[in-house]
Amino acid sequence: MNQYIVLRVVSKLMIPVIMIFALYVQFHGEYSPGGGFQAGIVFTAAFIVYTLLFGLEAAQKAIPPKAAHILAAAGVLLFIAFGYAAMFLGGNFLEYKVLLPNDQAGETFGIIGIELGVGITVATVALSLFYSFAGRERR
Amino acid sequence: MTFLVVVGIAIVRVRNLLAVTMLTGIYSLLVAMLFVLLDAVDVALTEAAVGAGLLVILMLATISLTTRKEKVHATRQSLMALVVVTITGAALVYATLDMPRFGDPEAPAHVHLSPRFTQESPTEIGIPNMVTSVLASYRGMDTLGEAVVIFAAAVGVLLVLGTGTVRRRRDPEGEKSGEASEQS
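Cut-offs applied
- Residue positions are counted from 1 within each chain, in the order its sequence is given.
- Numbering of ligands from 1 and lettering of chains from A proceed in the order in which they are written.
- For this predicted model, a pLDDT threshold of at least 70 governs which residues receive local features, and a threshold of 80 or more governs which side-chain atom pairs are given and counted, while totals over whole chains, interfaces and linings are taken from all residues.
- What counts as a helix is a DSSP run of H or I of at least four residues, what counts as a strand is a run of E of at least two, and both are numbered from the N terminus.
- Counting other C-beta atoms within 10 Å of a residue's own tells you its class, since 20 or more makes it buried, 12 or fewer makes it exposed, and anything in between is partly exposed; those C-beta atoms are placed from the backbone.
- Two residues qualify as being in contact provided that their C-beta atoms, derived from the backbone, are within 7 Å of each other.
- Take the number of residues in a helix, subtract one, and multiply by 1.5 Å to get its expected span.
- Fitted lines through C-alpha atoms give the axes, limited to the stretch in contact for helices. The angle between two N-to-C directions lies from 0 to 180 degrees.
- Two helices crossing with the near one rotated counterclockwise from the far one by less than a right angle form a left-handed crossing, whereas a clockwise rotation gives a right-handed crossing.
- Each residue is assigned to one class: nonpolar for Ala, Val, Leu, Ile, Met, Phe, Trp, Tyr, Cys and Pro, charged for Asp, Glu, Lys and Arg, and polar for all the others, Gly among them.
- Think of a nonpolar core as buried Ala, Val, Leu, Ile, Met, Phe, Trp, Tyr and Cys residues chained together by C-beta atoms that fall within 7 Å.
- In predicted models, pLDDT denotes the confidence assigned by the predictor to each residue on a 0 to 100 scale.
- To sort the angles, those under 35 degrees are grouped as roughly parallel, those over 145 as roughly antiparallel, those from 65 to 115 as roughly perpendicular, and the leftovers as oblique.

Bringing the overall build of chain B into the picture now. When its secondary structure is counted, chain B shows 9 helices and 0 strands. Written out in order from the N terminus, the α and β elements of chain B read α-α-α-α-α-α-α-α-α. Each of the 184 residues in chain B was classed as buried or not, and the buried ones make up 17%. For chain B, restricting intrachain contacts to residue pairs at least 6 apart in sequence, the fraction spanning at least 24 positions comes to 37%.

So this is what it looks like as structure tokens:
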């Protein structure tokens, strides 16, 4: 891939922008369209572009498949943890308003937390799906 | 809408799977534009990212693993199938006649829970984007199920296809045979 200088330069310029946009979609989801699901996919898209240009081995050096699997489970667990945290503070499962003294702040905090969990899960699941498709050799 | 129909027919007719994959991406983008026109920006973002981005990449990966041409089977055109499809389609079209008009404020979907969500959620949750507050708070359990389904899908694919870890090829026998052939 070293000979395609235009592709390399453009992708090096674009990949950070795509990743920042993914984070914007993630954490600005309360004010504008978006949320964990969309952010996860956009983040993975940046990674797939990197893989297409620099090869699977370089990408797996950045995020090894094993780390992706662990993070996928961690995202779901983060979601569930917020549910149980609400339970231990006296509310129902996933009733966020008990998390913080102010009702609105508690709801917002809970939503941001579970959206983060969803985002992590979606991004790493999509990434490991891509790895397992791309890592197979043609027979 | 017309473009959607044209692309849909093209997807069915074209035999080159690479072209079909590209057309699927175009179809997703068109659907996303339709969603934007209907003010469903959240759904449009998802459709554009998943349908036009990730899905096409995964299909391309599959095609590169399998084959690029669709096998053409010479099947008999069954008259019975045509009759069934026509009757079902007619029934569906007939059912749409009963639906309320688009944007009708008296529609059942707009008088039951929607007023509560649209009027109470800004004060109750304190978040301007109602889609997020409905998704994550009122319907939190659904979203949890969604996340678990995605995770389960990944587990299934990983079990079937393997993890895709890149292994350096260290095949001692292969190297030896290569050397042997060079020497000879």
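Here the narrative resumes, following the displayed structure.
All names here are of chain B. Along the chain, T143 turns up in helix α8 (residues 140–161). Classification of T143 by C-beta neighbours within 10 Å gives buried; the count is 24. Separated by 89 residues in sequence, T143 and L54 place their C-alpha atoms 21 Å apart.

Okay, helix α4 (residues 79–97) of chain B next. Counted at 1.5 Å a residue, the expected span for α4 of chain B with its 19 residues is 27 Å, and the 28 Å between its end C-alpha atoms agrees. Summarising burial for α4 of chain B: 0 of the 19 residues are buried, a small minority.

Further remarks concern the packing of helix α2 (residues 36–54) of chain A against helix α5 (residues 103–134) of chain A. Residue and element names in this part refer to chain A. For the pair α2 and α5, the least separation of the axes is 7 Å and the interaxial angle reads 35°. Classified by chirality, the crossing of α5 by α2 is right-handed. Counting all contacts with α2, which are made through G36, F37, A39, G40, I41, F43, T44, F47, I48 and T51, the residues of α5 involved are E115, L116, V118, G119, V122, A123, A126, L127, F130 and A134. Split by residue class, the contact of α2 with α5 holds 14 nonpolar, 5 polar and 1 charged.

Residue and element names in this part refer to chain A. With 19 residues, α2 extends 27 Å between its outermost C-alpha atoms, agreeing within 8% with the 27 Å of an ideal straight helix rising 1.5 Å per residue. In terms of burial, α2 is a largely internal element, 14 of the 19 residues being buried. Among the residues trailing α2, G55 stands out with phi positive, at a value near 95°.

Right, let's get into the nonpolar core. I41, V42, V122, V125, A126 and F130 of chain A are the most contacted members of the largest nonpolar core, which totals 51 residues. Mapped by element, the contributors of at least two residues to this core are α1 (5–27), α2, α4 (65–88) and α5 of chain A together with α3 (41–65), α7 (130–138) and α8 of chain B. Counting residues per element, this core draws most heavily on α5 of chain A, at 14 residues. Ignoring sequence-local partners within four residues, the contact set of F130 of chain A consists of T44 and I48 of chain A together with I57 and L58 of chain B.

Let us look at the interface of chain A and chain B. The partner chain B presents 40 residues to the 48 residues of chain A that form the contact. The set of elements that each furnish at least two residues to the side of chain A that touches chain B consists of α2, α3 (56–62), α4 and α5 of chain A. The biggest single contributor to the side of chain A that touches chain B is α5 of chain A, with 19 residues.

The next subject is the environment of K12 of chain A. Locating K12 of chain A in the fold gives a position in helix α1. In this structure, the C-alpha to C-alpha distance between K12 of chain A and T108 of chain A, residues 96 residues apart in sequence, is 35 Å.

Right, let's get into the confidence of the model for chain A. Low pLDDT marks stretches whose predicted atomic positions should not be read closely. Residue-level pLDDT values for chain A average 82, and 96% of them are 70 or greater. The least confident element of chain A is α3 of chain A, whose mean pLDDT is 82; the most confident is α1 of chain A, at 87.

We note that D39 of chain B has phi near 65°; this positive angle belongs to a residue other than glycine. Exposure remark for D39 of chain B: the 8 C-beta atoms within 10 Å place this residue in the exposed category.

Residues and elements named next belong to chain B. Running from N to C, helix α2 (residues 17–37) and α3 cross one another at 175°; their axes reach a closest spacing of 8 Å. Between α2 and α3, the angle is such that the two are roughly antiparallel. Contact with α2, carried on its side by L17, L18, T21, T24, G25, S28, L29, V31, A32, F35 and V36, involves V41, V43, A44, E47, A48, G51, A52, L55, V56, M59, L60 and I63 of α3 and no other residues of that element. The class makeup of the residues in the contact of α2 with α3 is 17 nonpolar, 5 polar and 1 charged.

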